[in-house]
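Observations on chain architecture
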Amino acid sequence: MNINHRSGCPINLSLEVFGDRWSLIILRDMIFGGKRHFRELLNGSLEGIASNILADRLKRLMELGMLTKADDPSHKQKAIYSLTEMAITLVPVLAHLGAWGRVWLPASEELSIRAELLEKGGPPMWERFMDELRHEHLGTPAGPSGPTVRATLQAGYEAAVARKAPGAGCNPAS
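**Considering a nonpolar patch on the surface**
A grouping of Trp 100, Val 103, Trp 104 and Leu 105 is seen on the molecular surface, where their side chains present a nonpolar patch of about 500 Å² in accessible area. By relative accessible area, which is 62% here, Trp 104 ends up exposed.

Structure (structure tokens):
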């Protein structure tokens, strides 16, 4: 892909990659949601991406070297998308973006909990998560056993959702 850059400023160059409305959302859904198929990304996004936009952004992210695409061995008509090292190393950036948004913007508790847990876990958690993503997407050896970072983040989300459920926290016996 031949891109004409406005300048060599690293912030400008980064915004040329992520300045659109969808690229980071797609990467977020792959990193935190484990989504790797077109349909999962299309139907699993809270923000409701259109199929033509998703196809365009996936193509662009592949051209930029952020994703790879391969035939899915479980289904002849499906492709599986994988993060590259370039995309995996965005975990700390996404952690910082989530922490900032949680503090300064009207984020909901249940959608903020992952950002809070990542912020509290700090660089050791981010490194562990990137190693897990490398194993999942690049086939590197697995790290220590135990709950994955994604599972920990999902459990936090589910607990936050349960707290918001009608009747949560009420004790009818009291």
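What follows continues from the structure just given.
**Observations concerning the environment of Trp 22**
Within the element layout of this structure, Trp 22 appears in the loop between α1 (10–18) and α2 (23–33). Note on Trp 22: relative accessible area 11%, which makes it buried. Note: C-alpha distance between Trp 22 and Ala 107 (85 residues apart in sequence) is 18 Å. Ignoring anything within four residues of it in the chain, the contact list for Trp 22 reads Glu 47, Gly 48, Ile 49, Ile 53 and Arg 57.

**A few points about the nonpolar core**
If you look at the biggest cluster of nonpolar residues, it comprises 34 residues, and the most contacted ones within it are Ile 26, Leu 27, Ile 31, Met 66, Leu 83 and Phe 129. Once residues within four sequence positions are removed from consideration, Leu 83 is found in contact with Leu 27, Met 30, Ile 31, Met 66, Leu 67, Ile 88, Leu 133, His 137 and Leu 138.

**Quick look at the pairing of strand β2 (residues 79–83)**
Burial runs high along β2: five of the five residues are buried. Alternating positions in β2 separate into two faces, Ala 79, Tyr 81 and Leu 83 on one and Ile 80 and Ser 82 on the other, with burial throughout.

**Here's the deal with the packing of aromatic side chains**
As enumerated under the stated definition, the model contains one aromatic pair in all. Seen from their ring centres, Phe 32 and Phe 129 are 5.6 Å apart, and the 40 degrees between their planes marks the pair as tilted. Taken together, the positions of Phe 32 in helix α2 and Phe 129 in helix α7 (residues 109–138) put the pair 97 residues apart, joining distant regions of the chain. Arg 114 extends its terminal NZ or CZ atom over the ring of Tyr 157, reaching a point 4.4 Å from the ring centre.

**Some details on the pattern of salt bridges**
Using the criterion set out here, one finds ten salt bridges in the structure. Of the charged contacts, one joins Glu 119 and Arg 102 as a salt bridge, the two residues approaching to 2.6 Å between their closest N and O atoms. A residue pair is termed long-range when its members are at least 10 positions apart, and Glu 119 in helix α7 and Arg 102 in helix α6 (residues 91–104) qualify at 17 residues. In this structure Arg 102 comes out as partly exposed when scored by relative accessible area, which is 28%. Across the pair Arg 134 and Asp 131 runs a salt bridge whose closest N-O atoms are separated by 2.8 Å. A residue pair is termed a helical-turn pair when its members lie 3 or 4 positions apart in one helix, as Arg 134 and Asp 131 do in helix α7 at three residues. You can call Arg 134 buried: its relative accessible area is 15%. One network of salt bridges, in which partners are shared, links Asp 20, Asp 56 and Arg 57.

Cut-offs used in this document
Residues numbered from 1 in each chain as written. Predicted model: local features only at pLDDT ≥ 70, side-chain atom pairs only at ≥ 80, totals over all residues. Heavy atoms only, no water. Patch = residues over 30% accessible without salt bridge, like charges linked within 9 Å, V, L, I, M, F, W, Y side chains within 5 Å. Areas by Shrake-Rupley, 256 points an atom, 1.4 Å probe, with all protein chains shown as cover. Salt bridge = Lys/Arg side-chain N within 4 Å of Asp/Glu carboxyl O. Buried < 20%, exposed > 50% of the residue type's maximum accessible area, 1.4 Å probe, protein only. Helix = DSSP H or I, 4+ residues; strand = E, 2+ residues; numbered from the N terminus. Contact = heavy atoms within 4.5 Å. Core = buried A, V, L, I, M, F, W, Y, C linked by side-chain atoms within 4.5 Å. Phe/Tyr/Trp six-rings, centres within 6.5 Å; stacked < 30°, edge-to-face > 60°. Lys NZ or Arg CZ within 6 Å of the ring centre and 35° of its normal.

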